[in-house]
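# Residue-level structural notes
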Amino acid sequence: MSVRALLQPRFLWLSLLGVVLIVFPYVHGWPLFDGSIRNLGFFTLEITEFRTFNATMFGVWLLVAMSMNLLTGTSGQISLGHAAVVLVGAYTTGILFDEFGVPLALAVILAGVFTGVVGGLVIGLPAARLSGPYLAIATFSLIITLPQILKLNGINSWTNGALGIGIRPVEPPNLVNDFLGAVTRDAVSLNERQWIYYVTIGTAVLMTVLLWNITRSRIGRAFVALRDSEIGAEQMGVNVPLYKALAFGISSFYAGIGGGLFFVVQTFVAPESLRFNDSILFLVAVVIGGLGTILGSVFGALFLAFQAEVISNLPDWIPGLNNVRDFERLSPVIYGSLLIATILTFPRGLAGIVQSLLSLRRGGGIGAMDLPALSAIRGTLRNLSASLPGNSDADDSGKKE
Amino acid sequence: MLSLRNVHAAYGSVLALRGISLEAPEGNIVSVLGANGAGKSSTLRAISGLLRPSQGTIEFEGKSINRTSPEKIVQMGISHVPEGRQIFTELTVMENLRLGAYTRRDGDAIKSDIDRVFSYFPVLGERAKQQAALLSGGEQQMLAIGRALMAKPRLLLLDEPSLGLAPMLVREIFGIIKTISEEQGLTILLVEQDASLALSIANHGYLLETGTVVLDDTAEQLRGNESVRRSYLGY
Amino acid sequence: MLAAPPWEDPDLFAQQIVSGIASGSLFAILALAIVMIYRSTDVLNFGQGEMALFAAFMSWTFLTRMDFWPAFFLAILVAAVMGAALERFVLRPVSEAPVLNSIVVTLGLFVVFNGLSLWIWGSQPKGYGPFSVFKGDATCVSDVCIGRLNIGILVVTLIIMVLLYLLFQHTRLGLALRATAQNRTASRLVGIPVGNMLSIGWGLAAAVGAVAGVMATQNLSLTTGTMFAVLLFAFAAAVLGGLDSPVGAVVGGLSIGVIKNLAGTYVPPEVGSVDLLVAFLVIVLVLMVRPTGLFGRRAVRRV
Ligand SMILES: Nc1ncnc2c1ncn2[C@@H]1O[C@H](COP(=O)(O)OP(=O)(O)O)[C@@H](O)[C@H]1O
Ligand SMILES: [Mg+2]
């Protein structure tokens, strides 16, 4: 890599992001940030130990959002059972560790592989024959039924029935703290939360880079072809059933790793840890974030990590909401409406808006913004101006679209 | 009776009509000719309200119908027999015909009109209770025309009634169309790719190319026109 | 303890069939609502169960002001109006978009209605208790009994099916609804106001679903979690019967009810509860073996 490449804005931004991610768990340990930065106007930003946990969950959700987005956004396969796949990842990790004594790190990786294979072969291959509505029903029935399956007495000895599986928080290996101590003269040592934060964020970053490469490979292009038109994909020589199964497989691999880390971070999993509502929440996240892009998944993960907190803080910064009874209970109504509103107005989500704004700044002009809401507004304006007398050439202005 | 002036229309960003002007005087059979993709079907769709013109005017009996909904247009007296027939295949022949009269409220007259359709197309009467999917191609075309007649139109839009039918059947159907036009004083706008066939029953013809009228004359003149003969009549 | 096999205790078997048919008719009604919408608009309404639940809660609230039947009909009427409005303002804008969009929108409806129910009526289970008209002694023939509620459910189901049959087969509106479901362009060309038909179709389905909601919550208690399982059974019913077949929805519903009850009786308790699992297996089996279901016609593969 040349020095030039290192000075590129994109690289600088990524380095900055890397530094932020690395120092994050220490921010609240510094005098300047002692306690909190209150009321940034949006929601109370308290930089406390809790934020480290928060950020860890962001890493988990990023894996889940990428998994959901690869399947639905990139490949066009709907799944309402994604929470079930994540749950399988979590349980597999738990069972491998608890029953078979597999080291936790290895258990998470094996869970990812196992979930990926199951998702690809058991869900993906049959799903390849089904169209959208049927696939939706099949995956819906999976997530509704999975808790009952997990509670079956026959597999009780593994799953522990309704009680679920728990572990103690993971301690950082002595090697790590010894090393850090030696390097920093005992100034820095990691506690359990900080350690799992680094593990999770590290995994998430690695897997983001991996996904970035996958979507740009032949496989990724085949997925997109599949989404845009199965017949078209077939004509381009894409083996449709194979690639559908592959989309489910890779997506499930991500969900499995995410589920494994979910278990490790939460230190607990039970049959109802993730339910149908979570499946929908994942879908909401990637739709609002932006279907089919990694940036969309990042927004989606932010949504998953912070939506509960933001919604419960809403009454603090929107005055009238204080009077609304049980406001927090309205959160599903809010995200459900947000979901519908996004699909109706900005189907490409936040990432789509950001991309359009960027292309606007690069001189693409309003015409480059491909937002249905905007084109609807433009259409109305055009009709209005066309109906005015002496404006017969009004429709020329819209031709460039 | 019907007049289009400078009509433009588009499917999204695909311009299909770029300034169509044509007239269909009362009681006439007017034929619209042109190659595949010339905009013939789109012209009919614009008239029946399925495709909204972006510019220009469409007048029927002196009233502008540019922005009128398809339902209203049917009520005003225009029936459209679309390309590919578009009958309700899962419903019976009888139900198809009753749907043709959907905008009417005169129950008894509807019954006698159904009988009249059966007199033009006796096969339909024999198969009244059958599912329309079971009809042959020619019978389906008859049903489509019969269904359109049930709305008691004064203007009938026919889109390629000969499509996919055996020549003998086509001649039979065209004969019936001519009879209906004469008996009921019906004005007909007939879209056809088979120009010689269309010009044999039409009074007047328009030739379309890429969304505009390039030639317009009496049927007789068009039959004699050198370029029409070469490109569309094939002799 | 294992239940005695049918040949040793035929009454138990007959009893399970009878109760199965009764609970199955609930699934049949909800499945009917789903199928009606799927046929007419190609939309799979995941919100159907929660819309039904919302209607049930409404009828429960109305009970404070009126008797059971007025409350029942009022709730159904409100549900119908809501269904029609949802079609017009929420579903129609995505009618030309990919299937994914309309499914996502109905999932949104699921969440919104479930959330609204929770917000308005809270998490405490509600019951119709003394207000329910379906109380009193069971009717028995030898040892096989059927409770008032189950009789009520069966009668209501029957009435709905007859009414829907008459509407669709013997009225002008019904004919127009069927025509719209089949071919929208042709429907517009014969002068049917297609938009209105779609709204009416959604309104009707919402009303039918509301009946299922009110009846289902007569004995199950009325909580925001009640309809999840019912929706799963209804989907199993619709898939078994064929997603585009109203007759299939009814046959499928009754079958699922019976299968579920038989499984509940004859699967050894050591296994654990399996009712949802049964629905899941039915769905998976049908989709693998015969995706069009028993009576469905439309191709299942995406074109
Ligand atoms: N549904 C449609 N969407 C987009 N373009 C269309 C559609 N229907 C027709 N067109 C385009 O409009 C033009 C005119 O088509 P049409 O009116 O069907 O021609 P014709 O009936 O003379 O064969 C063609 O270029 C065709 O590709
Ligand atoms: Mg054509």
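Residues numbered from 1 in each chain as written. Chains lettered and ligands numbered in written order. Predicted model: local features only at pLDDT ≥ 70, side-chain atom pairs only at ≥ 80, totals over all residues. Heavy atoms only, no water.

Residue and element names in this part refer to chain C. Within the secondary structure, Asp 143 is located in the loop between β1 (139–141) and β2 (144–146). A relative accessible area of 57% means that Asp 143 is categorised as exposed. Along the backbone, Asp 143 and Tyr 165 are 22 residues apart, and their C-alpha atoms lie at a distance of 35 Å. With residues up to four places along the chain from it excluded, the contact list for Asp 143 reads Asp 11 and Gln 15. (Helix = DSSP H or I, 4+ residues; strand = E, 2+ residues; numbered from the N terminus. Buried < 20%, exposed > 50% of the residue type's maximum accessible area, 1.4 Å probe, protein only. Contact = heavy atoms within 4.5 Å.)

Residues and elements named next belong to chain B. Around ligand 1, the neighbouring residues are Tyr 11, Ala 16, Ala 35, Asn 36, Gly 37, Ala 38, Gly 39, Lys 40, Ser 41 and Ser 42. Between ligand 1 and Gly 39 there is a distance of 2.9 Å, counted from an oxygen atom to a backbone nitrogen or oxygen. With three residues, the single largest contributor to the shell around ligand 1 is helix α1 (residues 40–48). When its residues are assigned to classes, the shell around ligand 1 shows four nonpolar, five polar and one charged. (Near = heavy atom within 4 Å. Polar contact = N/O pair within 3.5 Å; in protein donor to acceptor, adjacent residues only side chain to side chain. Nonpolar A, V, L, I, M, F, W, Y, C, P; charged D, E, K, R; others polar.)

In this section: the packing of helix α1 (residues 10–41) of chain C against helix α8 (residues 194–219) of chain C. All names here are of chain C. Where α1 meets α8, the closest approach of the two axes is 8 Å, and the angle between their N-to-C directions is 165°. For the element pair α1 / α8, the angle class is roughly antiparallel. Classified by chirality, the crossing of α8 by α1 is left-handed. Facing α1, whose interface residues are Leu 26, Ile 29, Leu 30, Ala 33, Met 36, Ile 37, Ser 40 and Thr 41, α8 presents Leu 198, Trp 202, Leu 204, Ala 205, Val 208, Gly 209, Val 211, Ala 212, Met 215 and Ala 216. Partitioned by chemical class, the residues of the contact of α1 with α8 number 15 nonpolar, three polar and no charged. (Axes fitted to C-alpha atoms, helices over the stretch in contact; angles between N-to-C directions. Parallel < 35°, antiparallel > 145°, perpendicular 65-115°, else oblique. Left-handed = near helix turned anticlockwise from the far one by under 90°.)

Residues and elements named next belong to chain B. A sheet is described by the order of its strands in space; here four strands give the open sequence β2-β1-β4-β5, paired in antiparallel fashion. Two strands bound the open sheet, and with one partner strand each, they are β2 (14–24) and β5 (63–64). In terms of strand pairing, strand β1 (residues 2–11) meets strand β4 (residues 55–60) through five bridges, oriented antiparallel. Directly across from His 8, in β4, lies its bridge partner Gln 55. Relative to the sheet, α1 contacts β1, β2 and β4, its axis offset from that of β2 by approximately 70°. (Pairing = 2+ DSSP bridges.)

Another aspect to go through is the pattern of salt bridges. Pairing of side chains with opposite charge becomes possible as their charged atoms draw close. Summed over all chains, the structure comprises 14 salt bridges over all chains. Across the salt bridge formed by Glu 87 of chain C and Arg 92 of chain C, the nearest N and O atoms sit 2.8 Å from each other. Classification of Glu 87 of chain C as buried rests on a relative accessible area of 3%. On the basis of relative accessibility, which here comes to 23%, the residue Arg 92 of chain C falls in the partly exposed class. Taken together, the shared-partner salt bridges in this structure form one network comprising Arg 104, Asp 106, Asp 113 and Arg 116 of chain B. (Salt bridge = Lys/Arg side-chain N within 4 Å of Asp/Glu carboxyl O.)

Summarising the metal site, the magnesium ion (ligand 2) is bound by the protein donors Ser 41 of chain B (OG) and Glu 83 of chain B (OE), whose distances to it range over 2.0 to 2.5 Å. Remark: Glu 83 of chain B occurs in the loop between β6 (78–81) and α3 (93–100) and Ser 41 of chain B occurs in helix α1; sequence separation between them is 42 residues. (Donors = N, O, S within 2.8 Å, 3.2 Å for Na, K, Ca; no water.)

If you look at the interface, chain A gives 47 residues, while chain C gives 50 residues. Roughly 4,500 Å² of surface becomes buried between chain A and chain C when both sides are summed, with 73% attributable to carbon and sulfur atoms. Applying the counting rule to chain A against chain C returns zero salt bridges. The tally of links between chain A and chain C comes to nine residue pairs in polar contact (both at pLDDT 80 or more). Of all the secondary-structure elements, those providing two or more residues to the side of chain A that touches chain C are α6 (132–150), α11 (230–235), α13 (276–289) and α15 (331–345) of chain A. Looking at which element gives the most residues to the side of chain A that touches chain C, the answer is α6 of chain A, with 13 residues. (Buried area = accessible area lost by both parts, 1.4 Å probe.)

Along the polypeptide, Thr 200 of chain A turns up in helix α9 (residues 192–215). If sequence neighbours within four positions are ignored, Thr 200 of chain A has contacts with Thr 56, Gly 59, Val 60, Leu 261 and Val 265 of chain A.

Taken together, the 20 residues of chain C in the interface contact 24 residues of chain B. Linking chain C with chain B are one salt bridge, by the criterion used here. Run the count over chain C and chain B and you get five residue pairs in polar contact (both at pLDDT 80 or more). Of all the secondary structure elements, the ones that give two or more residues to the side of chain C that touches chain B are α6 (172–182) and α7 (184–189) of chain C. No other element matches the six residues that α6 of chain C contributes to the side of chain C that touches chain B.

All names here are of chain C. All told, the structure shown has one disulfide over all chains when counted by the stated rule. Two residues share a disulfide in this structure: Cys 140 and Cys 145, whose sulfurs sit 1.9 Å from each other. The disulfide joining Cys 140 to Cys 145 has a torsion of about 105° about its S-S bond and is therefore right-handed. Residue classification places Cys 140 among the partly exposed positions, given a relative accessible area of 42%. Its relative accessible area of 25% is what places Cys 145 among the partly exposed residues. (Disulfide = S-S within 2.5 Å.)

In this section: the packing of aromatic side chains. Counted according to the given criterion, the structure contains 22 aromatic pairs over all chains. Measuring from ring centre to ring centre gives 5.7 Å for Trp 61 of chain A and Phe 282 of chain A, while their planes differ by 50°; the resulting arrangement is tilted. Within this pair, whereas Trp 61 of chain A is found in helix α3 (residues 49–74), its partner Phe 282 of chain A is found in helix α13, the two being separated by 221 residues in sequence. Judged on exposure class, the residue Trp 61 of chain A and its partner Phe 282 of chain A are both buried. Site record: aromatic cluster; members linked through ring pairs are Phe 140 and Phe 276 of chain A together with Phe 46, Phe 110, Phe 228 and Phe 235 of chain C. The aromatic ring of Trp 119 of chain C is capped on one face by Arg 325 of chain A, whose charged end is 5.3 Å from the ring centroid. Lying over the aromatic face of Phe 233 of chain C, Lys 260 of chain C brings its terminal NZ or CZ to 5.4 Å of the ring centre. (Phe/Tyr/Trp six-rings, centres within 6.5 Å; stacked < 30°, edge-to-face > 60°. Lys NZ or Arg CZ within 6 Å of the ring centre and 35° of its normal.)

Moving on to the sheet that holds strand β10 (residues 212–218) of chain B. Residue and element names in this part refer to chain B. A sheet is described by the order of its strands in space; here six strands give the open sequence β6-β7-β8-β3-β9-β10, paired in mixed fashion. Both edges of this open sheet fall to β6 and β10, since each of them pairs with a single strand only. Put simply, the sheet's adjacent strands are angled 15° from each other on average, direction ignored. Looking at chain direction, strand β7 (residues 155–159) and strand β8 (residues 187–192) are connected through five bridges and run parallel. Paired with Leu 156 across the two strands is Ile 188, which belongs to β8. Across the sheet, helix α6 (residues 137–149) is in contact with β6 and β7; its angle to β6 comes to roughly 170°.

Size of an interface: often given as the accessible area lost when the parts come together. Residue and element names in this part refer to chain B. When its domains are assigned, chain B resolves into domain 1 (2–77 + 153–233) and domain 2 (87–151). Contact with domain 1, which involves 18 residues of that partner, is made by 12 residues of domain 2. Across the domain 1 to domain 2 interface the summed buried area is about 1,300 Å²; carbon plus sulfur atoms make up 75%. Where domain 1 touches domain 2, the interface holds zero salt bridges. When contributions to the side of domain 1 that touches domain 2 are tallied by element, the ones reaching two or more residues are α2 (70–76), β7 and α7 (167–184). For the side of domain 1 that touches domain 2, the leading source of residues is α7, giving eight residues. (Domains from an automatic or database assignment.)

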